[in-house]
Amino acid sequence: MCSSDLEGSSLLVEGQRLSWYKWSLQYSVDPIFGLQLFHITYNADCEQRSVIYKLSMAEMFVPYGASGRAWRWRSAFDAGEYGIGKNANELRVGLDVPENAQLFDCVVADDLDGEPRTLRGCVAAFEQDAGLLYKHTDTFTGDVDGRRGRSLVLTMMTTDRKSTRLNSSHIT
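These notes cover the structure that comes with them.

Time to look at the sheet that holds strand β2 (residues 17–20). Each strand in a sheet pairs with its neighbour through backbone hydrogen bonds, running either in the same direction (parallel) or in the opposite one (antiparallel). Here we have five strands laid out as an open sheet, ordered β1-β2-β3-β4-β5, and antiparallel in their pairing. The open sheet has two free edges, formed respectively by β1 (11–14) and β5 (47–56), since each of these has just one partner strand. Adjacent strand axes in the sheet meet at a mean angle of 20°, parallel and antiparallel pairs treated alike. Direction of pairing for strand β3 (residues 23–30) relative to strand β4 (residues 34–44): antiparallel, over a ladder of seven bridges.

Turning to the packing of aromatic side chains, a few remarks are in order. Per the stated rule, a full pass over the model turns up three aromatic pairs. Residues Tyr27 and Phe104 carry aromatic rings whose centres are separated by 5.4 Å and whose planes lie at 35° to one another, so their mutual orientation is tilted. On the criterion of sequence distance, the pair formed by Tyr27 in strand β3 and Phe104 in strand β8 (residues 102–109) is long-range, its members being 77 residues apart. Of the two residues, Tyr27 and Phe104, neither departs from the other in class, the shared state being buried.

Grouped burial of nonpolar side chains is what soluble globular proteins tend to show. Grouped together as the largest cluster of nonpolar side chains are 22 residues, with contacts concentrated most on Leu18, Tyr27, Val123 and Leu154. Look past the residues within four positions of Tyr27 in its chain and what remains in contact with it is Gly15, Gln16, Leu18, Leu35, Gln36, Leu37, Phe104, Cys106, Val123 and Leu154. Core analysis: the next-biggest nonpolar cluster, separate from the first, contains seven residues, Ala101, Ala124, Phe126 and Met157 among them.

Counted according to the given criterion, the structure contains four salt bridges. Between Glu47 and Arg49 there is a salt bridge whose closest N-O contact spans 4.0 Å. Here Arg120 makes a salt bridge to Asp105, at a shortest N to O gap of 3.1 Å. Of this pair, Arg120 sits in strand β9 (residues 116–137) while Asp105 is found in strand β8, placing the two residues 15 residues apart along the sequence.

This next bit is on unusual backbone geometry. Unlike most non-glycine residues, His39 shows phi in positive territory, near 45°. Looking at the element boundaries, His39 is found in strand β4. For His39, a relative accessible area of 33% corresponds to the partly exposed category. A positive phi is found at Cys46, a non-glycine position, where the angle reads about 65°. Mapped onto the elements of the fold, Cys46 is located in the loop between β4 and β5.

Looking at the secondary structure, you find Ser169 in strand β11 (residues 163–171). With a relative accessible area of 16%, Ser169 lands in the buried category. The contact partners of Ser169, leaving out residues within four places of it in the chain, are Leu37, Leu55, Leu152, Val153 and Leu154.

Rules behind the numbers
- Residues numbered from 1 in each chain as written.
- Predicted model: local features only at pLDDT ≥ 70, side-chain atom pairs only at ≥ 80, totals over all residues.
- Heavy atoms only, no water.
- Pairing = 2+ DSSP bridges.
- Helix = DSSP H or I, 4+ residues; strand = E, 2+ residues; numbered from the N terminus.
- Axes fitted to C-alpha atoms, helices over the stretch in contact; angles between N-to-C directions.
- Phe/Tyr/Trp six-rings, centres within 6.5 Å; stacked < 30°, edge-to-face > 60°.
- Buried < 20%, exposed > 50% of the residue type's maximum accessible area, 1.4 Å probe, protein only.
- Core = buried A, V, L, I, M, F, W, Y, C linked by side-chain atoms within 4.5 Å.
- Contact = heavy atoms within 4.5 Å.
- Salt bridge = Lys/Arg side-chain N within 4 Å of Asp/Glu carboxyl O.

Right under this line is the structure:
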């Protein structure tokens with residue numbers, strides 16, 4: 001997994017506030033709902049415009065699809081039953097996320113006694129190539145002009161019992 005920032009990363013991190021190009025947002029990890037993004041704003045003509053107040057996964061419904069009598073009525077509501085956030089995996093640079101990723105620790109309350117529990121490196125933020133935005137070749141001069149897009153990705157991976165899920169948000 002390789003991703004490089006030829007001009008360096010333009011991601012600025014101040015605690016749980018991230019700024020990237022004209023975007024600004026806050027993130028947190030909820031023990032039930034997992035990665036949450038808050039107060040997503042875009043700077044348009046020197047004015048911070050609110051785009052999204054709160055973005056998170058409300059629930060994940062998994063029908064098992066088994067036709068046996070003991071299974072056909074069962075389905076898991078992963079957030080409510082297991083908790084997406086409290087089962088977050090520690091992300092590994094080079095395997096789960098690219099080399100240019102910044103990892104963040106998060107703190108959630110322990111199920112047994114409510115004590116704080118630190119989840120090491122469970123959220124990652126990184127820039128990635130978003131493909132070709134445009135390309136133009138001047139047929140008279142042969143000059144070529146083009147630009148590639150960039151995206152900011154915030155991601156979290158969670159495992160409950162036997163299923164591992166990746167939750168990523170892309171800002172372009």
